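Understanding the architecture of this molecule
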There are 4 protein chains.
Amino acid sequence: MIIVMKGPATESDIQSVIDKIRHAGLTEHVSRGTERTIIGAVGDERSLSPEMFELMPGVERAMRVLKDYRIVARDVHPANTVVHVRGLAIGGPELQIFAGPAAVESAVQMDAAAAIVKQTGARLLCGGAFKPRTSPYAFQGLGMEGLELLRDSARGQGLPMVTELLDVRQLEAFLEYDVDVIQIGARNMQNIGLLKEVGRINKPVILKRGLSATLNEWLTAAEYIAAGGNHNIIFCERGIRSFEPSYRNTLDISAIPVLKRETHLPVIVDPCHSGGKAWMAPALAKASLAAGADGLLLEVHPEPASALCDGDQALSPDEFQQLMTELSSLAAALGRPLA
Amino acid sequence: MIIVMKGPATESDIQSVIDKIRHAGLTEHVSRGTERTIIGAVGDERSLSPEMFELMPGVERAMRVLKDYRIVARDVHPANTVVHVRGLAIGGPELQIFAGPAAVESAVQMDAAAAIVKQTGARLLCGGAFKPRTSPYAFQGLGMEGLELLRDSARGQGLPMVTELLDVRQLEAFLEYDVDVIQIGARNMQNIGLLKEVGRINKPVILKRGLSATLNEWLTAAEYIAAGGNHNIIFCERGIRSFEPSYRNTLDISAIPVLKRETHLPVIVDPCHSGGKAWMAPALAKASLAAGADGLLLEVHPEPASALCDGDQALSPDEFQQLMTELSSLAAALGRPLA
Amino acid sequence: MIIVMKGPATESDIQSVIDKIRHAGLTEHVSRGTERTIIGAVGDERSLSPEMFELMPGVERAMRVLKDYRIVARDVHPANTVVHVRGLAIGGPELQIFAGPAAVESAVQMDAAAAIVKQTGARLLCGGAFKPRTSPYAFQGLGMEGLELLRDSARGQGLPMVTELLDVRQLEAFLEYDVDVIQIGARNMQNIGLLKEVGRINKPVILKRGLSATLNEWLTAAEYIAAGGNHNIIFCERGIRSFEPSYRNTLDISAIPVLKRETHLPVIVDPCHSGGKAWMAPALAKASLAAGADGLLLEVHPEPASALCDGDQALSPDEFQQLMTELSSLAAALGRPLA
Amino acid sequence: MIIVMKGPATESDIQSVIDKIRHAGLTEHVSRGTERTIIGAVGDERSLSPEMFELMPGVERAMRVLKDYRIVARDVHPANTVVHVRGLAIGGPELQIFAGPAAVESAVQMDAAAAIVKQTGARLLCGGAFKPRTSPYAFQGLGMEGLELLRDSARGQGLPMVTELLDVRQLEAFLEYDVDVIQIGARNMQNIGLLKEVGRINKPVILKRGLSATLNEWLTAAEYIAAGGNHNIIFCERGIRSFEPSYRNTLDISAIPVLKRETHLPVIVDPCHSGGKAWMAPALAKASLAAGADGLLLEVHPEPASALCDGDQALSPDEFQQLMTELSSLAAALGRPLA
């Protein structure tokens, strides 16, 4: 902890800060400048908080030196963590594509989607059974039936299945259906109960970034999962909220190199949700890989125009095929083969 | 639904849009301008979505005409709704102050807080038993014990009790302890499971605004509660995320007049969380009432410097007393007595 | 300057930082913690920049201790500065209202506006002669003729005149027409040439906040004016850019108490531009005064529906009269009479 | 223009809107829905503004159908515009790299920079002579002397020169020194006087995006230049302001595909300013090309650690060389050779 005193702080103000540091079992280091006195607290700063000092007379501000996250930090685990899903490696040298429709609608739709995913070389099948919709009057997903349809199509093609967990009460069903990768959506990034629950199991978790979460908050949310014992965490950037009305969200491409530096865990990107328009997805998908992402989560729907949810952001089978071809040569140029 | 065609849209593009509108059971209204053709879909537009049209050739964009929320809209219920809590009226002519510490810490602390609240003329006692903390290593609240301490102090002073519900699994305990007002926090504004559950019961609910929720999203989240049958909803503005680093959040004062126009439900403000510093709270509290808020949620702690959570944003008893005096004369000038 | 070293920084990394500090003529203060070493640079830190250190091996980050602004800071000038305009005091105990139409359109319009302003007790007449419009095809103002009309109407009622300076080449005309208060608009808050020019003259300057300027950037922009010798600066908050589409801009009410603490200069608010709708202005105007603003800049137009510019945000004479009455009782309750 | 009436609008409200449309010389098209009446105004909508209608009783909102920009729109000019600079084509099939230091410091520095730029295959030499600094106490650039040093180094290597114009009063010197590409910086994106002046000359202009400018505002700012007769405009994305504190700005990668669709003019990206850290530049540079940018503006400094300005975001000669190699193979995979 560093405590910066105000210009006119008195000796007694300084002494009070020192007393508080010592009282917490740390030692102080005082540096008297020409305009400001700065006090460092040496020791385990987790017993201190900036608030404890910022309320004291003569204190201008107090700052933590250490970060809020530990287990997920690259500092303490310099090598990349590879998350394994039914034999696939996520976060290793190969790039991985997760793909499927936003919502599970029917057996026909899911079988068609699974076939496309399989045949283009994508490796994991996504599909939403429980849908978090902004409006209570919008389609909320097929629920358990959706989970079953997703499983059947995935198993039929030998693909791992990926789906979103909305509520702690659904977790049992997710385990029963043996969901391979559990997705925590943007709206639930700080749903503490949910984070703690998936921290207790041993399934890989995709943690999407909250719409206006800072990287620090995102990494700290992951720490909730990791602190429970589950280190199989995959970060997924999906666009942040900005002032720009031309797209649904603003893909934060800068988050990729910074996350890759801050954490040892894999980082993927969801370009379809981010842009909100299928025609934007190829540019954003390519940019994401070029920026260093370990994979992509793509929406593909056998018939986007008749989708029950988010149809305007889903790629058609032809568009998806075309994009996979482009990603493949891009991946080669980046030295990371598309699995 | 209004569909704006692109400049070079063909007759066949236009016809396809018309066919789609008719197919959904609505009728079209075509307006051919010099540069653009505009098509209106007349009928119940809830069977349509902008996406259905934006994917079609020749379409530039499609817009809903109606809003996503109904029950909470002032359009359909022009008079103010007054929410009643143990004889107190929220959203009526009188202004109401909710107050208490961020977290329940001990019986001594809660009794002291309840006494201050009672004696200064605030009318509802708040206190967090379950705390949603950014970091897994921070104090997470006393849980059930906190609920009990809050209840005892509230009942001791004859004050209604207000506390935050974090997880659907806690709801039973909330009912058992007879929590008078259930708070849904900013992180859970779009926790659909939680919204649906509190929609099924008959307790007043404070719905805090998500950190980057638009007013439309916030109103639509309230619609989830209302659609379940519970219309006792109180909106609480608590600051939004912006680029400005000088305060924890940016109080969106403009939201107050707009919400009061858009919905018939009460609107209160939480100035302490918003600014994140106790010294900012008086200015923000006064501004909120002047802008038309129906009440305030204030943090007061018997001893802010030793608070286990958010101490830097809590008012001391003296500061709270002083603020209540100022609010009282302000309220009089605004023609709305402080209850 | 505080330099935080990375966990695994070597002794040689630390020594290099020390060498750099000494080389710049300052002395170091090294604090070795259990997890991080922190180095303080003691002396005049303006010869250092964080960048100089952040590029060095083993350095995690470097932070300035001092602020970028000096002359405008309350630290160095604790008492309020009162800006005087033709006998009016801005920033003193009395609240001041600046009012007029967004754009000067005609003698008839300006005479009517000046009469309303005078008669309701507002004290300064505003009107735009040069208009900074987003679109090149929108009305750009009457230019010199507008300046003349504004002057004639202002002088006719004995009111000081306030108008926006867009371009350094207009300054001579502003001096010739003896403009009493020069406004620098949001788009020009960091137009360095303009800031330097108004720093050289002795006229009061209203410096509006840039749409996404932090308070630090705003204060530092004012420092450009102050550094030139002109300390007659009035800050004007006019809304910031946010993600919320319901209003033109988001009035940053929290900026008022923070600015009043950080600077000794007066702070006013422009509620009409901020909300972008006349019906929102009363709520925002009252909130601004309640939050501690020293005055308001209000738009009033004899006939808003026929205004050439921003008509939807201008108050009609009746609305303005009504608002002034409300502000007057509010001001009394706040203990600051409306001048 | 589309005018949406409120639910309870009366016949007389509707008639008033119709009258206003006819009075402006357009014709109306009325569409009566079950819940809302919608009125289209057919004809040249530039004589109308949404404000004219939004103030009328019974009107919910009014929206323009056409965009604010014309000349720069791809609608009216479907083929790509290629901007030519001394024989180089910007916006054609080849990608172009603009490079140099943030600030011109000395002949030695500029000669070294020019040599690096030339030898790595970048094609245009940048360097700031007039620097727009946030603080008045920071290095403001060498001014005229800087212009001279830049010219000498550029001409010495046969490279076109690119530099920022801060003030209309510098334009004459820019023409005298025959600056090849004039840059308008982010802070000046809406400096109308400057835009109009560069619209009157025939030099290529790089128009950087304002920190919180929407794409519509940016395109409309370019329209100011184009309306003056100068169509040699290059858009440069350089990061927007967001809530994320980990980087200086947030590179808006989504802007690239949208701009390429909306305008026929070239689009480049400045990854160094955006991230604010040299180590982030390679990831952002690659992402920008992958997203479809026509080129990059990169900062390279012979000795970043001793740079007078923005040293932490400049690449060293080795880093620059390495990045150029990587960009070259990426460009090949994208089918657009690096010139």
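Residues numbered from 1 in each chain as written. Chains lettered and ligands numbered in written order. Predicted model: local features only at pLDDT ≥ 70, side-chain atom pairs only at ≥ 80, totals over all residues. Heavy atoms only, no water.

Looking only at helices and strands, one finds eleven helices and 14 strands in chain A. Oriented by its inertia axes, the alpha-carbon framework of chain A measures out at about 75 × 45 × 40 Å. Out of the 339 residues in chain A, the part that is buried amounts to 64%. For chain A, restricting intrachain contacts to residue pairs at least 6 apart in sequence, the fraction spanning at least 24 positions comes to 66%. Computed over 33 positive and 40 negative side-chain charges, the inter-centroid distance for chain A is 3 Å. (Helix = DSSP H or I, 4+ residues; strand = E, 2+ residues; numbered from the N terminus. Buried < 20%, exposed > 50% of the residue type's maximum accessible area, 1.4 Å probe, protein only. Contact = heavy atoms within 4.5 Å. Lys, Arg positive; Asp, Glu negative; His and termini not counted. Charge placed at Lys NZ, Arg CZ, Asp CG, Glu CD.)

The next thing to look at is the relation of the copies chain D and chain A. Each copy of the sequence occupies a distinct position, and chain D is placed on chain A by a rotation of 180° and an axial shift of 0.0 Å, giving an RMSD of 0.1 Å. Here the symmetry operator amounts to a two-fold rotation axis. Measuring from the rotation axis to each C-alpha of chain D, the shortest distance belongs to D:A287, at 2.0 Å. (Least-squares fit on C-alpha atoms with pLDDT ≥ 70 in both.)

Below, the discussion takes up the interface of chain D and chain A. Counting from both sides, the interface comprises 36 residues of chain D and, opposite them, 36 residues of chain A. Here chain D packs against chain A, burying approximately 2,700 Å² in sum over the two surfaces, 73% of which is carbon and sulfur. Counting the surface chain D buries against chain A, the share from its top three residues, D:F243, D:Y247 and D:W279, is 21%. Run the count over chain D and chain A and you get two salt bridges. Linking D:R209 and A:E244 is a salt bridge whose minimum nitrogen-to-oxygen distance equals 3.1 Å. Between chain D and chain A we count eight residue pairs in polar contact (both at pLDDT 80 or more) in total. Counting residues per element, the ones that place at least two in the side of chain D that touches chain A are α8 (255–262), α10 (281–290) and α11 (317–334) of chain D. Here the element with the most residues in the side of chain D that touches chain A is α10(D); it accounts for five residues. Residue composition of the side of chain D that touches chain A, grouped by class: 22 nonpolar, eight polar and six charged. (Buried area = accessible area lost by both parts, 1.4 Å probe. Salt bridge = Lys/Arg side-chain N within 4 Å of Asp/Glu carboxyl O. Polar contact = N/O pair within 3.5 Å; in protein donor to acceptor, adjacent residues only side chain to side chain. Nonpolar A, V, L, I, M, F, W, Y, C, P; charged D, E, K, R; others polar.)

What follows is about helix α3 (residues 107–120) of chain A. Residues and elements named next belong to chain A. Between its terminal C-alpha atoms α3 stretches 20 Å, which fits the 20 Å expected from 14 residues at 1.5 Å a residue. Along α3, the positions that sit buried rather than exposed are Q109, M110, A113, A114, I116, V117 and T120. Considered in projection along α3, the buried side chains sweep an arc of 160° and stay on one side of the axis. Facing away from the buried side of α3, by more than 90 degrees, are the exposed residues V108 and Q119. The inward-facing, buried residues of α3 contact β7 (96–100), β8 (124–126), α4 (144–157) and α11 (317–334). Following α3 by one or two positions, G121 adopts a phi angle in the positive range, close to 95°. (Expected span 1.5 Å × (residues − 1). Arc of directions from axis to C-beta.)

Our next topic: the interface of chain B and chain A. Each partner contributes residues to the interface: chain B has 42 residues there, and chain A has 42 residues. Here B:R241 makes a salt bridge to A:E217, at a shortest N to O gap of 2.6 Å. Applying the counting rule to chain B against chain A returns 21 residue pairs in polar contact (both at pLDDT 80 or more). Elements with a minimum of two residues in the side of chain B that touches chain A: α2 (50–54), α6 (192–200) and α7 (215–227) of chain B. Per-element tally for the side of chain B that touches chain A: the top contributor is α7(B), with five residues. Tallied by class, residues from the side of chain B that touches chain A come to 14 nonpolar, eleven polar and 17 charged.

When the parts of a complex come together, some accessible area is lost, and that lost area is often used as the size of the interface. Each assigned domain of chain A is listed with its residue range as follows: domain 1 (2–63) and domain 2 (83–334). Inter-centroid distance (C-alpha atoms) of domain 1 of chain A to domain 2 of chain A is 45 Å. (Domains from an automatic or database assignment.)

Turning our attention to the relation of the copies chain B and chain A. Rotating chain B by 180° and moving it 0.0 Å along the rotation axis overlays it on chain A with an RMSD of 0.0 Å. Same-surface contact between copies: 100% of interface residues of chain B are shared with the interface of chain A.

Right, let's get into the sheet that holds strand β2 (residues 27–32) of chain A. Residues and elements named next belong to chain A. Here four strands make up an open sheet; going across it, the order is β2-β3-β1-β4 and the pairing antiparallel. The sheet is open, and its two edges are formed by β2 and β4 (59–63), each paired on a single side. With strand direction ignored, the average angle separating the axes of adjacent strands in the sheet is 20°. Where strand β1 (residues 2–5) meets β4, four bridges bridge the pair, whose relative direction is antiparallel. Pairing of I2 across the sheet is with M63, part of β4. Helix α1 (residues 11–23) contacts β1, β2, β3 (37–42) and β4 of the sheet and is inclined by roughly 155° relative to β2. (Pairing = 2+ DSSP bridges. Axes fitted to C-alpha atoms, helices over the stretch in contact; angles between N-to-C directions.)

Another point: the sheet that holds strand β9 (residues 161–164) of chain B. Residue and element names in this part refer to chain B. Read once around its circumference, the closed barrel built from eight strands follows the order β7-β8-β9-β10-β11-β12-β13-β14, with strand pairing classed as parallel. Neighbour to neighbour, the strand axes of the sheet diverge by 25° on average, direction disregarded. Relative to strand β12 (residues 233–237), strand β11 (residues 205–208) runs parallel, the two sharing four bridges. When the bridges of β12 are listed, L207 appears paired with F235. Each of β7 (96–100) and β8 (124–126) touches helix α3 (residues 107–120); the most contacted strand, β8, lies at about 150° to it.

Here the focus is the environment of B:H301. Residue and element names in this part refer to chain B. Locating H301 in the fold gives a position in the loop between β14 (295–299) and α11 (317–334). H301 sits in the buried class, given a relative accessible area of 4%. Taking the C-alpha atoms as reference points, H301 and T27, separated by 274 residues in sequence, lie 61 Å from one another. In this structure H301 touches P101, E105, Q109, A307, A314, L315, S316 and P317, once residues within four positions along its chain are discounted. Of note is the side chain of H301, whose polar atom sits 3.1 Å from the side chain of E105. One polar contact links H301 to Q109, side chain to side chain, over a distance of 3.3 Å.

With that out of the way, let us pick up the environment of B:I182. In this fold, B:I182 is placed in strand β10 (residues 181–184). Beyond its immediate sequence surroundings of up to four residues, B:I182 is in contact with B:T163, B:L165, B:L171, B:F174, B:V198, B:I201, B:K203, B:P204, B:V205 and B:I206.

One side chain can pair with another of opposite charge once the charged atoms of both are near each other. Under the definition given, this model contains 92 salt bridges over all chains. Here A:E197 makes a salt bridge to B:R169, at a shortest N to O gap of 2.9 Å. Here A:E197, found in helix α6 (residues 192–200), pairs with B:R169, found in the loop between β9 and α5 (171–176), and the two come from separate chains. Within this structure, A:R86, A:R155, A:D178, A:D180 and A:K203 form a network of salt bridges that share partners.

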